[in-house]
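Here is what each chain is made of, one letter per residue.
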Amino acid sequence: MTETASIRAHLRDAALSTGAWINLDDPRVTHTIARAGFDWVCIDQQHGYAAGADGTDLVAAVRAAGTPALVRISWNRPEEIGRVLDSGADGVIVPMVETAAEARAAVAAARYAPEGRRSWGATRSPATATPPDVAAANAATACLVMVETPAAVDQVEEIAAAEGVDGIFLGPFDLSLAYGMPIEELIGDSGPESPLSRVVAACRRTGITAGAFAGTVDRAAALRAHGFTMLAVTSDDALIAQASTATAAEARDRLR
Ligand code: 3PY
Ligand code: MG
């Protein structure tokens, strides 16, 4: 994305948006990945090592690279949404949302009045040391809600229509676990009545972003074929594992 566009505008307009997921809690690793050319980087505070910790340094490491920082919070709680946005995050990904009311609550926590009821505080980020330009902050701050349970799929049209939601972010792992099927089977089902087709259709109907966690480029390609346009294609720990395995093998082969 261009450095001047907000993540919210980018997600609204982008035909394709690719990002990296941060599971580790090392700002130096995070910064290296944020410089790699992804459209955004998402810090995982639900399952990553930064869960339960202060993510301010990780957010700063992403933003210092000129890349938008998203944070997947641990649960749909307004205090958590407020805290990560205070830290300078450009947006939140809210897990396990199952109803339009829950989606509206997440949006309210992410936007200042009159659009929401986000509270302001100056302590966590130098970028927020003075009271915010409310309209600009609201216009720039993204709020995506995760659909990752059968109950959420059943309500996906209402969730996608919730005022102020910028996108639905599919959690294919949790959804496949809940359906009791392998993830590749869930992603491979592209019939018009399939859960993933229903999620994409709901997003298209209301003009919001259809995003998904993929974890690999192969899985991202399959999700893209469904119509998802915002994809978390890899993660910091996977990148380190892949590069170190490949380099160890190459060194063995070429230097022998
Ligand atoms: C899921 O696939 O359930 C996720 O939440 C991805 O992190
Ligand atoms: Mg999940």
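One can find the structure itself at the top, above this paragraph.
In what follows, the accompanying structure is described. Numbering of residues starts from 1 in every chain and runs along the sequence as written. Starting at A for chains and at 1 for ligands, labels are handed out in the order in which the entities are written. Under the rules for a predicted model, residues below a pLDDT of 70 receive no local features and side-chain atom pairs below 80 are neither given nor counted, while totals for whole chains, interfaces and linings still include all residues. The basis for the side-chain values is all heavy atoms of the structure; hydrogens and waters are excluded.

Digging into the nonpolar core
Nonpolar cores were defined as sets of buried Ala, Val, Leu, Ile, Met, Phe, Trp, Tyr and Cys residues, with membership established by side-chain atoms within 4.5 Å. When a residue's accessible area, from a 1.4 Å probe over protein chains only, is under 20% of the maximum for its type it is buried; when over 50% it is exposed; and in between it is partly exposed. Counting 56 residues, the largest nonpolar core has Ile81, Val145, Ile168, Leu223 and Phe228 as the members making the most contacts within it. Any pair of residues with heavy atoms lying within 4.5 Å of one another is described as a contacting pair. Apart from the residues lying within four places of it in its own chain, the contact partners of isoleucine 81 are Ile73, Asn76, Val92, Val94, Ala106, Ala109 and Ala110.

Some words on the coordination of the magnesium ion (ligand 2)
Bound to the magnesium ion (ligand 2) on the protein side are Glu148 (OE) and Asp174 (OD), at distances that span 2.1 Å. Of this pair, glutamate 148 sits in the loop between β5 (142-147) and α7 (150-154) while aspartate 174 is found in helix α9 (residues 172-179), placing the two residues 26 residues apart along the sequence. Its relative accessible area of 2% is what places glutamate 148 among the buried residues. What makes aspartate 174 partly exposed here is its relative accessible area of 24%. Think of the donor list as every N, O and S atom within 2.8 Å of the metal, or within 3.2 Å for Na, K and Ca; water never makes the list, so a site can look incomplete. Strands here are runs of E lasting at least two residues and helices are runs of H or I lasting at least four, both read from the DSSP assignment and numbered beginning at the N terminus.

With respect to the packing of helix α4 (residues 78-86) against helix α5 (residues 100-110)
Here an angle of 0 to 180 degrees is reported between the N-to-C directions of two axes, which are lines fitted to C-alpha atoms, with helices fitted over the stretch in contact. In the contact formed by α4 and α5, the axes pass within 8 Å of each other and the chain directions differ by 35°. Between α4 and α5 lies a crossing whose hand is right-handed. Residues Pro78, Ile81 and Leu85 of α4 pack against Ala106, Ala109 and Ala110 of α5. Three classes are used, and their members are as follows: Ala, Val, Leu, Ile, Met, Phe, Trp, Tyr, Cys and Pro are nonpolar, Asp, Glu, Lys and Arg are charged, and the others, Gly among them, are polar. Across the contact of α4 with α5, the residue classes tally to six nonpolar, no polar and no charged. By convention, the crossing between two helices is left-handed when the near helix turns anticlockwise from the far helix through less than a right angle, and right-handed when the turn is clockwise.

Quick look at the packing of helix α2 (residues 27-34) against helix α3 (residues 56-63)
One way to put it is that α2 packs onto α3 with a least axis distance of 8 Å and a crossing angle of 30°. Classified by the interaxial angle, the pair formed by α2 and α3 is roughly parallel. Crossing hand, α2 versus α3: right-handed. Contact with α2, carried on its side by Pro27, Thr30, His31 and Ala34, involves Asp57, Leu58, Ala61 and Val62 of α3 and no other residues of that element. Within the contact of α2 with α3, the residues separate by chemical class into five nonpolar, two polar and one charged. Roughly parallel here means an angle under 35 degrees, roughly antiparallel means over 145, roughly perpendicular means 65 to 115, and every remaining angle is called oblique.

A closer look at the site of ligand 1
Within the structure, ligand 1 sits among Arg72, Met146, Glu148, Gly171, Pro172, Phe173, Asp174 and Phe213. The contact in question runs from an oxygen atom of ligand 1 to an N or O atom on the backbone of aspartate 174, over 2.9 Å. Note on areas: these come from Shrake-Rupley sampling with a 1.4 Å probe, and a residue is covered only by the protein chains present in the view. For ligand 1, the protein covers 92% of the area, taking 230 Å² as the surface of the free molecule. A total of three residues in the shell around ligand 1 trace back to one element, the largest contributor, which is α9. Looking at the shell around ligand 1 residue by residue, the classes come out as four nonpolar, one polar and three charged. The criterion for a residue being near a molecule or strand is simple. One of its heavy atoms has to lie within 4 Å of it. Definition of a polar contact: a pair of N or O atoms within 3.5 Å, with one able to donate and the other able to accept a hydrogen when the atoms are protein atoms, and with sequence-neighbouring residues admitted only if both atoms are side-chain atoms.

A look at the state of the cysteines
The rule for a disulfide is simple: a pair of cysteine sulfur atoms within 2.5 Å. Evaluation of the coordinates by the stated rule reveals zero disulfides. With no disulfide of its own, cysteine 42 lies closest to cysteine 143 among cysteine sulfurs, the gap being 12 Å. Cysteine 42 sits in the buried class, given a relative accessible area of 0%. No disulfide involves cysteine 203; its sulfur sits 13 Å from the nearest other cysteine sulfur, which is in cysteine 143. Residue cysteine 203 is classed as buried on the basis of its relative accessible area, which comes to 1%.

All quantities given are derived from atomic positions and should not be read as evidence of function.
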